[in-house]
Amino acid sequence: MARPKNQANAAEETEGAGTEAGSSTSTSTTVVTKPTAATKKSSKSRKQKQPVLETLRTIVPNIFQECQKSAANHRKNAIMLRKIQEQCAEAARENGEEAFNKEFIRNLNVVLAIKKVDSTADRVVQFVSTFILCTCEKDRKPEEENKDEEDEDEEEESSISATFVEHLMRHLLKGITVKEKLVRVRCCKLIALSINSVGALENDLYVELQDSLMERTRDKESQVRVQALFALSKMQGNGDEDDEEEDEDSEEGGTIIKEFLNLLQHDPAAEVRRSAIFNIAQSKATLPYILERARDTDTYNRRAVFTKPMSEIRDFRMLSIGDRERLLRYGLTDRDDGVKKACTKMLATKWIHQADDNLLEFLERLDVMGSSVAEDVLNAFFDYRGDIIDALVFNDIFWVNLTVESSFLVRVFTEFCRRKDDDAQFDKVVPEVVRHAFYIQKYSNIMQQAEEEDRPEAEFIVTQLLMIARLLDYADEIGRRKMFGLLREMLLLNDLPDKHLECIVETMRKISLNEKDFTRIIIEIISDLRESTEADLEDPTNQFDAEDDDSPDDQTMDLSDPDASRKRKLSVADKPRRNSSAAVVDEADQARKELDIMLNKVRCLTITKFMLERTSEHLQESSYMFGLLNQLVIPALGMQEEVMQDLGLQCLGLICSLEKNLAQDNMDLFLTCVFAENATTHLHVLSLKIVFDLILTFGLGPMSSQITEERIKADLKTTLESEAPEVQAVAVEGISKLMLTKILRDAEILRTLIVLYFDPTTAKNNHLRQCLSYFLQVYFHSSYDNQVMLSEMTVPILVQLIEMQQDAKSEMPTPVNMAQQLLEWCEPRRGLEADPDKGLVNKNIDYGLQANIAIELVKAMFSEAPYVRKYLPNILHKIPLDDDAGEIRLKKLTLLMGNLKTKRPIVEPMSKKNLMTVEKNILKMFDEAPESLGDDELAKLAELTEEISFVDKFVAPAEERREVVSLVKGRKPRAKNAAPKAKINDDKLKRMMDEVDAILESSSSEKEDTQGGDSASDVYDDDDNDDDF
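The rules we used
- Residues numbered from 1 in each chain as written.
- Predicted model: local features only at pLDDT ≥ 70, side-chain atom pairs only at ≥ 80, totals over all residues.
- Heavy atoms only, no water.
- UniProt positions renumbered as here; feature names shortened; annotations may be inferred.
- Helix = DSSP H or I, 4+ residues; strand = E, 2+ residues; numbered from the N terminus.
- Buried < 20%, exposed > 50% of the residue type's maximum accessible area, 1.4 Å probe, protein only.
- Contact = heavy atoms within 4.5 Å.
- Areas by Shrake-Rupley, 256 points an atom, 1.4 Å probe, with all protein chains shown as cover.
- Salt bridge = Lys/Arg side-chain N within 4 Å of Asp/Glu carboxyl O.
- Core = buried A, V, L, I, M, F, W, Y, C linked by side-chain atoms within 4.5 Å.
- Expected span 1.5 Å × (residues − 1).
- Polar contact = N/O pair within 3.5 Å; in protein donor to acceptor, adjacent residues only side chain to side chain.
- pLDDT = per-residue confidence, 0-100.
- Phe/Tyr/Trp six-rings, centres within 6.5 Å; stacked < 30°, edge-to-face > 60°.
- Lys NZ or Arg CZ within 6 Å of the ring centre and 35° of its normal.
- Axes fitted to C-alpha atoms, helices over the stretch in contact; angles between N-to-C directions.
- Parallel < 35°, antiparallel > 145°, perpendicular 65-115°, else oblique.
- Nonpolar A, V, L, I, M, F, W, Y, C, P; charged D, E, K, R; others polar.
- Patch = residues over 30% accessible without salt bridge, like charges linked within 9 Å, V, L, I, M, F, W, Y side chains within 5 Å.
- Lys, Arg positive; Asp, Glu negative; His and termini not counted.
- Charge placed at Lys NZ, Arg CZ, Asp CG, Glu CD.

The chain carries the name Nuclear condensin complex subunit 3 C-terminal domain-containing protein in an unreviewed UniProt entry, which gives Linnemannia gamsii as its organism. The record held by UniProt for the chain lists under Sequence similarities (unreviewed entry) the comment "Belongs to the CND3 (condensin subunit 3) family."

Structure below.
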């Protein structure tokens, strides 16, 4: 390959030398003035160029034909086509170029007009973009050549590609507005692929191209919008760059940027939003909108945020700390594994490089002290970059000079090693217990001596060390004693944060010999804390007594001062004011002491709470616990401070979870706190959680020994109607757990939960909606009995939802959609007990269960209001009725629908049509009159008496009867061709009802003997039935 290039370069040098030697001033005669060898070559090529225009219609189609086969020959064919273009230009100048352009466009139009998606057409479009790149590159002269010698030739050759590109672009602009969508797609795609290769365009062409592409971003076809966005992305830095810089402060971009942001936020097509994510320019104005797509509904779009724009960001510090937190939390907690992997890869391969592959510097940019996602970031980093684990070094110098970032890093790494059961790596990282206790003591002393602004960092470091202490092995007795003594001393400190208290209590639980020893130790520490406070109260000091006493020194006068007598008089006169000031100081000191006492009680209650959370010892086995309950917990409930009531209620709930009798005695108290008017929402939520915990621990029956079970259910149902969203969400979560564990089974509460799921007032309560979306599906599909209970109340629920939907049509789903969701929940085939693979097959499952709902729906059409009735036939049309429904239930439906047509007919056209469709589908199952029932089915005939009695007793409202009469009188005669079809349906229905009558009459004597009452034939009147049908 090197040789032909050298020969070509030598030929170009010879050709250039001949040009310099020539004396002609015309560029058209330069070929004549070349040396003899070049002249012979040019005369030979001139003979080949003579017929090029004549063979143009043959050569160009052949090249287009070749490029359709494979993309591998595109470059070769593009070079060949470029030579043909040059020959046409040399042969006839402008006419030759025009002839080439027309032929090129003619062949391109054939491909653009293909009316179906074809890979060959896509290859041709790709070839055209390759040819544009090739012809533009050919016209660019190498920079090392002499520009003075090439100005004339460059002008001549550049015009070839410029003229061709302008002609092609203007032709494509016509194609992006045609009716056929595939033509618009291919034209936009060709512009998008070629616009990078094109040099400078004329101003009018550039503006026209931009305006046309902006218009295509609003095309009805998503593929056109995608290609238009791709093309506009190449113009973001040209036409609107200045506008974007000017409006950056006011958060307004250029025209193209605004269109990108609009489509990025509001376009319904996921592929269009994805194209905007990939192609929008990154700036401070656009990054927040890109960040929003991390919560896109489409999985690929969420993943695209991490694979393209966020991975290619110049410096992730362009994002604010809050934006970094949200982005990483969205990525690492996404429900799709692909999004998680993309986020992890971005962290471990892109963002870490921006921090010079330094984990500590990387953590500094995440602000680990206030970060909620930094731990997940490090864990994901350790999982993805296993090579970095061996490179981490934690020596003595590291432990002596801990910082916020380094302490956080070593704590997360030790927990990672424990989770992976990598004991060898863990032993390399952490020091022995005695040395670790020394480090805790050192940094705890630094924390106590730190200034106000430096204390949070010192507390954070101590917290990390205490969290590491929970993971240590305390087999060494010396280390265990050293750590135990240190932790005991730390618990006696006054200003210890709650996080420290929790870590210390948990570590002492691990150090203790057993659970009883742990409880005894913590209660002794709490007693010491309380005694120290009481000792301070018993030894009060009055620092103002000396000022109030009239000592001799105070009465001594300075004789040398002539004004001493006057000053003494003023001092005596000022004595009442001094006494009042001392009284104020006494009150302030007393308030400070009371505050210290309350803070001490808060610390004791906090330690008690952490202890109770980590013990399961029965209350009767620990005598210390009764004293703690009576002297600390119970008094806290009677205090006015909210924090005391909160901690006291938590401690009482934890103690009750250890003792059933105590829980039974205090159940009334907790329920009262749930509805206390003067209590805060937080206290309501806390009390409700305790109630659910106790019921889950001991059961609903034992908890209703002091109060009735009906009261507990009534109170739980009342919490579902609470105005506080937090209380409502906790109530839904707790009741869902009780129902899933079969502790609670109540139809009214279940109905309330279903209504809450569709209620528009709970639309913004994400906690409640997520709990219900999981619970309702699992609850009904896990048990056939639950589906039976739902089927019995489906129609009342639907009626209630339809009434609610009349006031909030735009905020609720349509009645048909809500009904379909209810029908899906009570579909027996979707249940676990109907799945043979699960091994839980229930042979008593009635697969025609939804036919019962259909019967109740038809009954509701007799009695419900007109605005409700119009939806019921549409819902009935969605219920699948097949052979599983059984003959008895199908006969019930035909009986009810037949009487509905005469006693209270449906007036709405669509509802009436759906009702007739259901009736026809049922009658199709009976080609002839139904066969007589056997002895085993005669017992089921009693079920028909209920429907017959329901129909006979029903009387339509007077207004609707008048409307029906007026409709019948004003009805036009039925067409002749429709009469036979109606007659056939009436005959089928009449035969079915006659069969029912015959069966009822034949079994009347048996019914009288067995039931001793009225038979079905007495209830059902033949004459009335004939009149009805």
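Still to come is the rest of the account.
Draft legend 1. Summary view of the overall build of the chain. Tallying secondary structure elements over the chain gives 53 helices and zero strands in all. Each of the 1029 residues in the chain was classed as buried or not, and the buried ones make up 45%. Pairs at least 24 apart in sequence give 71% of the contacts found in the chain among residues at least 6 apart. Accessible surface for the chain amounts to roughly 54100 Å². Of this, 48% is attributable to carbon and sulfur atoms.

Draft legend 2. Highlighting unusual backbone geometry. Although it is not a glycine, D357 sits at a positive phi angle of roughly 55°. On the secondary structure map, D357 appears in the loop between α16 (337-354) and α17 (359-364). Of note, K742 is a non-glycine position whose phi angle comes to about 65°, a positive value. Checked against the element boundaries, K742 lands in the loop between α37 (725-740) and α38 (747-758).

Draft legend 3. Representation of the pattern of salt bridges in the model. Per the counting criterion, the structure on display carries 54 salt bridges. Note that R411 and E375 form a salt bridge whose closest N and O atoms lie 3.4 Å from each other. Of this pair, R411 sits in helix α20 (residues 404-419) while E375 is found in helix α18 (residues 374-384), placing the two residues 36 residues apart along the sequence. Owing to a relative accessible area of 30%, E375 belongs among the partly exposed residues under this scheme. Between D596 and R592 there is a salt bridge, with its nearest N and O atoms 3.5 Å apart. With D596 and R592 both in helix α30 (residues 575-613) and four residues apart, this pair spans about one turn of that helix. Connected through salt bridges with shared partners, the residues E375, R411, E415, R470, E502, E506, E613 and R614 form a single ionic network.

Draft legend 4. Up close: the environment of P909. Note that P909 resides in helix α46 (residues 909-923). Each C-alpha atom of the pair P909 and K870 lies 9.5 Å from the other, and the pair is 39 residues apart in sequence.

Draft legend 5. Region of interest: the nonpolar core. Counting 271 residues, the largest nonpolar core has W351, F382, M483, I754 and L876 as the members making the most contacts within it. What W351 contacts, discounting residues up to four positions off in sequence, is M310, I313, F316, L319, L327, L328, M346 and F362.

Draft legend 6. Representation of helix α40 (residues 784-807). Between the first and last C-alpha of α40 there are 34 Å, a value that for 24 residues agrees with the 34 Å anticipated at 1.5 Å per step. The backbone nitrogen of D785 lies 3.3 Å from a side-chain oxygen of the residue at the head of α40, namely S783.

Draft legend 7. Spotlight on the side chain of N914. Relative to the helices and strands, N914 is located in helix α46. If we skip the residues at most four places from it in the chain, N914 touches P873, N874 and H877.

Draft legend 8. Broad picture of the environment of M897. Counting through the fold element by element, M897 comes out in helix α45 (residues 887-903). A sequence separation of 42 residues divides M897 from I855, and the C-alpha atoms of the two residues are 9.4 Å apart.

Draft legend 9. Representation of the confidence of the model for the chain. Taken residue by residue, the chain gives an average pLDDT of 79. The fraction at 70 or more is 75%. Confidence, expressed as mean pLDDT per element, reaches its minimum in the chain at helix α52 (residues 1016-1019) with 33 and its maximum at α37 with 96. The model gives residues 929-933 a pLDDT under 50, and that stretch makes 14 contacts with residues more than four places away or in other chains. In the model, residues 1003-1029 has pLDDT below 50 throughout and makes 41 contacts with residues more than four positions away in sequence or in other chains.

Draft legend 10. Geometry of the packing of aromatic side chains. Applying the stated rule across the entire model yields 24 aromatic pairs. With a centroid separation of 6.1 Å and 50° between ring planes, the pair formed by F100 and F164 is classed as tilted. Note that F100 is positioned in helix α4 (residues 74-112) and F164 in helix α6 (residues 151-175), a separation of 64 residues in sequence. Take F164: its relative accessible area is 2%, and that puts it in the buried class. In this arrangement the basic side chain of R418 is found over the ring face of F426, its NZ or CZ atom lying 3.8 Å from the centre.

Draft legend 11. Region of interest: the environment of L491. Its place among the elements puts L491 in helix α24 (residues 477-491). By relative accessible area, which is 0% here, L491 ends up buried. Between the C-alpha atoms of L491 and C604, which are 113 residues apart in sequence, the distance is 9.9 Å. Residue contacts for L491: discarding those within four places in its chain leaves L496, L501, I504, M508, I525, L529, R603 and I607.

Draft legend 12. Expanded view of the packing of helix α9 (residues 222-233) against helix α12 (residues 270-279). Contact geometry for α9 and α12: axes closest at 9 Å, N-to-C directions at 10°. When the axes of α9 and α12 are compared, the pair comes out roughly parallel. In this structure, α9 contributes S222, R225, V226, L229, F230 and S233 to the contact, and α12 contributes E271, V272, S275, A276 and N279. Along the lines of polarity and charge, the residues of the contact of α9 with α12 split into five nonpolar, four polar and two charged.

Draft legend 13. Spatial organisation of the packing of α12 against helix α14 (residues 299-307). Two elements in contact, α12 and α14, have axes separated by 10 Å at closest approach and are oriented at 5°. Taken together, the axes of α12 and α14 lie roughly parallel to each other. Taken together, the residues of α14 that come into contact with α12 (itself represented by A270, R273, R274, I277 and F278) are Y300, N301, A304, V305 and T307.

Draft legend 14. Just a negative patch on the surface, in detail. A surface patch of negative charge is lined by E451, E452, E453, D454 and E457. Inspection of the secondary structure assignment puts E457 in helix α23 (residues 455-469). Classification of E457 as partly exposed rests on a relative accessible area of 42%.

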